[in-house]
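# Examining the three-dimensional arrangement
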Amino acid sequence: MKKEKRIYINEIKKGHVFLQGWVHELRDLAKIKFILLRDMTGIIQCIVKDKKLFKKFSELTIESVISVKGKAKAAVVKSPEVTGKKVEIEISDIKLINKAAPLPITVTEKDKTITTALPKLLDYRSLDLRKRKNLAIFKIQSALIEGMQSWLNKNGFIQVFTPCLMGSPSESGAEVFQVNYYNKKAFLRQDPQLHRQLTILGGLEKIYDLGPNWRAEKSHTTKHLTEHRCIAPELAFIKNEQDTMKVEEQVIVSALKNIKEKCKEELELLDVDIKIPKLPFPELRFPEIYKILAKLGKKIKPGEDLDSEAEKLLAKYIQEKYNSDFFFINGFPFKLKPFYVYHDNEYARSVDLYCKNLELSSGGQREHRYNVLIKNIKEKGLDTKKLEWFTKFFKYGSMPHGGFAMGIERLTQIILSLENIREACLFSRDTERLVP
C-alpha cells in the first residue's frame, strides 16, 4: 500500500490533502466543528461536518498531535491567527497520534491578557517554542547565520571547527569553566581565538568558526549568557585592524539583507523593520572617546573601561551625529585586553562592534611577533610555559593577522528588539539555569 505523502500548510493549494501537526484551537458549534491545525509553516482552519467524525473530534485536546485527510477549498477565514486565509480544509478523516495533557503554559498568542513570567516559560521551553513568534525568532536567526556564511563563503573564507576543550585558559581564569578531563584539569573555551590564530599560521589564510563559547561570568542581566554562540572569522596578511572591520561590516549587511529578503512574514509577525546600514560604519577611537564622554557629562579616567552608562551615551551620540545604529569602538587601552592583542604603546588595535548600546563583537589585529607576544604574556601575569603550546608556533614564520567573534544571540536580540537575550536562545544557560 502506497504511503500518503504529507504536505505542509504553506504548500496547500486545492484538492486532496494529507496534513500533520498540532491542534492549535478547537471550536464546537454543535452541528459543525472547527480545528485550527498548526505546523512549522503556518496555521489553517479545518472543518468537521461528517457526524461520524464527531466522536474523534471530542477526544482532541489543545496541542494534541493529529493527522487529517481532507479537501482544500477556497474560503474566507476571519481568524487572525490563520495564515492560509483563502483556503480551508473539509476533513474526511482524523487520526489522533498523541493526546496532549492539560498545558502548564499557554501556547496560543490570541489572548494578549495572558502573561507568564519568563522563568516559567523557560522551564517549559519546548512548549513555549511552539508559539509562532518564537518560531519566527529562530527562522530569522537561521537566515541571519546563512547571510553571514554566504558572504564569507563567496569571499574565499572556509569554515573550520576548533576545539571546545582547552588545556589552559586563554584569558581570565576567573571567567572560565573547569572540567574533569581524565582526572586532569581542562577548561571550556571562552573564545575560539587561539586555535583560530594557529589555523591561520597553519596556512589557512581565510577562515571562520561557528560554535559555542562559555564564560563563567556571574552576570544577572538581560544581555548575558554563560553559553553563547559566535561566528568568528580570521584572516591573514592584513595591513591593520581596519581590514577586519571591513569584513565585519560586509558580514552584518549580508546577514540583514538575507533576513529582509527571506523572512518577510516573520518580520511582520514580530513588527520589526530591518534597515540596511550604510557603509562604512562610524568609528570612535580611544583616547578621544574620553573627551567625547566628558562633553556629554560623563567623566572616565583615561585608561579605564567603559561602563553601561558610557555605552548608552556613545550610542546616542552616534545616532544623532551619523544616524547609525552600528558603530565601532577602536583602540582600547591594552591593559583592558588579552595578551594576544596587537598594541601601539598603551592603546591596542582592538575593536568592538556595537549596535545601539549593545556590544556585539570583539576583535581587531593580533600580535604576530613572537618576542612581543612573550612580553605581553609576562605583563599580564600569565605563565609562559602554560601557553607555550600556542606561542611556540609564532617562531616559525607568522604574519599580521586578525579577526573578530560576533555573538549570534546578541545580534538576534538587538535587531529584533527582544527584551531578554534568553528569548534568542533555544535553551538558555545562565547562572541559575542548566535545564531543560
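Provided above is the structure to which this section pertains.
Below, the structure is looked at part by part. (Residues numbered from 1 in each chain as written. Predicted model: local features only at pLDDT ≥ 70, side-chain atom pairs only at ≥ 80, totals over all residues. Heavy atoms only, no water.)

## Observations regarding the overall build of the protein
Our working definition: Only DSSP runs of H or I reaching four residues or more are called helices, and only runs of E reaching two or more are called strands; each is numbered from the N terminus. Each residue gets one of three labels from its accessible area relative to the maximum for its type: buried under 20%, exposed over 50%, partly exposed in between, using a 1.4 Å probe on protein chains only. By the convention used here, residues are in contact when the closest approach between their heavy atoms is within 4.5 Å. Areas reported as accessible are Shrake-Rupley estimates using a 1.4 Å probe. Residue values count occlusion only from the protein chains shown. Positive charges come from Lys and Arg, negative ones from Asp and Glu, while His and the chain ends are left out of the count. Note that the charge is assigned to NZ on lysines, CZ on arginines, CG on aspartates and CD on glutamates.
Across its full length, the protein carries twelve helices and 18 strands. The C-alpha extent of the protein, read off along each of the three principal axes, is 85 × 55 × 40 Å. Sorting the 436 residues of the protein into buried and exposed places 51% on the buried side. Partitioning the intrachain contacts of the protein with sequence separation of at least 6 by distance along the chain shows that 66% fall at a separation of at least 24. Within the structure as shown, the protein displays about 22500 Å² of accessible surface, and the carbon and sulfur contribution to it stands at 52%. When the 76 basic and 57 acidic side-chain charges of the protein are each reduced to a single mean position, those positions are 4 Å apart.

## Points about the pattern of salt bridges
Heads up, the rule is: Here, a salt bridge means any side-chain nitrogen of Lys or Arg that lies within 4 Å of a carboxyl oxygen of Asp or Glu.
Within the structure shown, the criterion is met by 33 salt bridges. For Lys-131, the salt bridge is made with Asp-128, and the minimal N-O distance between the two is 3.0 Å. Accessibility classification places Lys-131 together with Asp-128 in one group, the buried group. Between Arg-422 and Asp-430 there is a salt bridge, with its nearest N and O atoms 2.7 Å apart. For the residue pair Arg-422 and Asp-430, the accessibility class agrees, reading buried in each case. One network of salt bridges, with partners in common, ties together Asp-191, Arg-196, Glu-234 and Arg-366.

## Overview of the packing of helix H8 (residues 288–295) against helix H9 (residues 308–322)
The test is simple: As a rule, the C-alpha atoms of each element are fitted with a line to give its axis, helices using only the stretch in contact, and angles between N-to-C directions run from 0 to 180 degrees. Note that the term roughly parallel is reserved for angles under 35 degrees, roughly antiparallel for angles over 145, roughly perpendicular for angles of 65 to 115, and oblique for everything else.
Put simply, H8 and H9 touch, their axes get as near as 10 Å, and they point 85° apart. Classified by the angle their axes make, H8 and H9 are roughly perpendicular. From H8, Ile-289, Ile-292 and Leu-293 reach across to H9, where they touch Ala-310, Leu-313, Leu-314 and Tyr-317.

## Structural notes on the layout of surface pockets
Cut-off, in case you're wondering: Only protein atoms enter the calculation, which uses a 1 Å grid: trapped sets of points that fit a 1.4 Å probe without letting it out are cavities, open sets showing protein on both sides within 12 Å along at least five of seven lines are pockets, and any residue with an atom within 4 Å of a point is a lining residue. Grid points are joined across faces, edges and corners, and a volume is the space filled by probe spheres set on the points.
The space that makes up the largest pocket amounts to roughly 1300 Å³. Around the largest pocket, the lining comprises 49 residues; the ones closest to its centre are Arg-215, Glu-217, Lys-337, Glu-359 and Ser-362. Examining the composition of the lining of the largest pocket, we find that six residues originate from one element, strand E17 (residues 358–365), more than from any other.

## Focus: the pairing of strand E18 (residues 401–407)
The cut-off we apply is this: A pair of strands counts as paired when DSSP detects no fewer than two bridges linking them.
Counting buried positions along E18 gives seven out of seven residues, so the element sits mostly inside the fold. As paired strands, strand E11 (residues 227–236) and E18 are joined by five bridges and run antiparallel to one another. Bridge pairing links Ile-231 to Met-406 in E18. Of the pairings in the sheet, the one linking E17 to E18 comprises five bridges and is antiparallel in character. The residue bridging Gln-365 from the neighbouring strand is Gly-402, located in E18.

## Focus: the sheet that holds strand E8 (residues 178–181)
Here we have three strands laid out as an open sheet, ordered E7-E9-E8, and antiparallel in their pairing. Pairing within the sheet leaves two strands with one partner each, and these edge strands are strand E7 (165–166) and E8. With two bridges joining them, E7 and strand E9 (residues 184–188) adopt antiparallel strand pairing. When the bridges of E9 are listed, Met-166 appears paired with Phe-187.

## Some words on the sheet that holds strand E2 (residues 33–39)
Spatially, E1-E2-E3-E5-E4 is the arrangement adopted by the five strands of the closed barrel, whose pairing is mixed. The mean inter-strand angle of the sheet, taken between neighbouring strand axes irrespective of direction, is 55°. Strand direction decides the pairing type here: strand E4 (residues 65–74) and strand E5 (residues 87–98), joined by ten bridges, are antiparallel. Bridge pairing in E5 links Lys-73 to Glu-88.

## Considerations on unusual backbone geometry
Negative phi characterises most residues that are not glycine, and trans characterises most peptide bonds. In this model, Leu-279 is joined to Pro-280 through a cis peptide bond whose omega is -5°. Looking at the secondary structure, you find Pro-280 in the loop between helix H7 (264–269) and strand E12 (283–285). In this structure, Pro-287 follows Phe-286 across a cis peptide bond, with omega equal to 0°. You can see Pro-287 is positioned in the loop between E12 and H8.

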